[in-house]
Amino acid sequence: MFTLMILFFILVYIILAVLFVKLIKKFTKRKLYKWLAVAFVILLPTWDVVLGIIAYPLACMFIPKTAIYETAEVEGIYYEGDYKNYIFDLSDGTTRVGLDNLDLEKGYKYIESLVTEKSHLRNKTNISPLFYRCVPLPRSPQKSDYLPIQCIPVSDIQSGYLVKVRKIKLGISEIHFMKIKNRSTGKLMAEYNEVVLWPFFPFFDWLKWYDSVGTRVSHCPAISRFYDFQYDVLKLKNN
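Draft legend 1. Main features of a nonpolar patch on the surface. Nonpolar side chains collect at one region of the surface, where Ile42, Leu43, Trp47, Val50, Leu51, Ile54, Leu58, Met61 and Phe62 lie side by side and expose about 910 Å² of accessible area between them. No other element matches helix 3 (residues 47–62), which puts 7 residues into the nonpolar patch. For Trp47, the position within the fold is in helix 3.

Structure, rendered in structure tokens:
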């Protein structure tokens, strides 16, 4: 059904594109305008794919970087930027920070984040910036594989270190930057950069009108460390 829907919209667009080009030819005899019209109807539904495919190999030549200058032992990690900067509500009425379980499942006592967005289903809306702290709760004997987590707004940050993340989108390509700093001195402790190419179906994906097709993601470097590089720098403190 999904495939038929995509094919239907592609067919409709092709018909409208042909009519548009014919309309341009009717009003002008100049070939330049005709070819500009052809280029327009081809690029309109696929410009993000074209941009991403061009940007990915170029970015891979210069962007990737993995460098650790200093490490530290910590009990918790503080995040800012395009990573764990959103909250969402669970059906039980509790609020969680995105991907908070990644740290807490590893044994960190808490994570902290500067939250700027709220997520609902597939949509995110901007909110006033708030600091959130998440801590693990005791596991239930009946659900020992599930880690309950409590996240609440706080007025200050406990962690002495910062994981700053930024994403730049170039069509279906993305560039990810991560910098880890000592908050008291401002000293850069580590940095990690990578380039990603998402395998989206090339037809108006930039409108987000349907779920993208494709599962194979290309990374540069080949193995992504975007979600766990910080653990090599801010190591879990052994008590």
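Draft legend 2. The arrangement of helix 3 in detail. With 16 residues, helix 3 should reach 22 Å at 1.5 Å per residue; the first-to-last C-alpha distance of 23 Å fits that figure. When helix 3 is considered as a whole, its buried residues turn out to be Asp48, Val49, Gly52, Ala55, Tyr56, Ala59 and Cys60. Contacts from the buried residues of helix 3 go to strand 9 (161–170), strand 10 (173–182), strand 11 (188–197) and strand 12 (218–220).

Draft legend 3. A look at the side chain of Glu191. In this structure, Glu191 sits in strand 11. Only 2.5 Å separates the side chain of Glu191 from the side chain of Tyr69, close enough to count as a polar contact. One polar contact links Glu191 to Lys179, side chain to side chain, over a distance of 3.0 Å. Apart from residues no more than four positions distant in its own chain, Glu191 is found in contact with Lys65, Thr66, Ala67, Tyr69, Met178, Lys179 and Phe229.

Draft legend 4. Examining the state of the cysteines more closely. If you walk through the whole model with that rule in mind, you get 1 disulfide. Paired by a disulfide, Cys134 and Cys151 hold their sulfur atoms 2.1 Å apart. The disulfide joining Cys134 to Cys151 has a torsion of about 115° about its S-S bond and is therefore right-handed. With a gap of 17 residues between them, Cys134 in strand 7 (residues 123–136) and Cys151 in strand 8 (residues 149–154) connect regions that are remote in the sequence. According to the relative accessible area criterion, Cys134 is buried, its value standing at 0%.

Draft legend 5. Inspection of the pattern of salt bridges at higher detail. Scanning the model with the defined rule gives 13 salt bridges in all. In this structure, the salt-bridge partner of Lys109 is Glu75, at a minimum N-O distance of 3.5 Å. Residue Lys109 is located in the loop between helix 4 (101–104) and strand 6 (110–120), and its partner Glu75 is located in the loop between strand 2 (72–74) and strand 3 (76–81); the two are separated by 34 residues in the primary sequence. What makes Lys109 partly exposed here is its relative accessible area of 41%.

Draft legend 6. Focus on the pairing of strand 3. In terms of residue burial, strand 3 counts as a mostly covered element, since 5 of its 6 residues are buried. Both strand 3 and strand 6 contribute to a ladder of 4 bridges, which runs parallel. What sits directly across from Tyr78, in strand 6, is Glu112. The pairing of strand 3 with strand 9 spans 4 bridges and is parallel. Residue pairing across strands places Glu80 opposite Lys164, the latter belonging to strand 9.

Conventions used here
Residues numbered from 1 in each chain as written. Predicted model: local features only at pLDDT ≥ 70, side-chain atom pairs only at ≥ 80, totals over all residues. Heavy atoms only, no water. Patch = residues over 30% accessible without salt bridge, like charges linked within 9 Å, V, L, I, M, F, W, Y side chains within 5 Å. Areas by Shrake-Rupley, 256 points an atom, 1.4 Å probe, with all protein chains shown as cover. Salt bridge = Lys/Arg side-chain N within 4 Å of Asp/Glu carboxyl O. Helix = DSSP H or I, 4+ residues; strand = E, 2+ residues; numbered from the N terminus. Expected span 1.5 Å × (residues − 1). Buried < 20%, exposed > 50% of the residue type's maximum accessible area, 1.4 Å probe, protein only. Contact = heavy atoms within 4.5 Å. Polar contact = N/O pair within 3.5 Å; in protein donor to acceptor, adjacent residues only side chain to side chain. Disulfide = S-S within 2.5 Å. Pairing = 2+ DSSP bridges.

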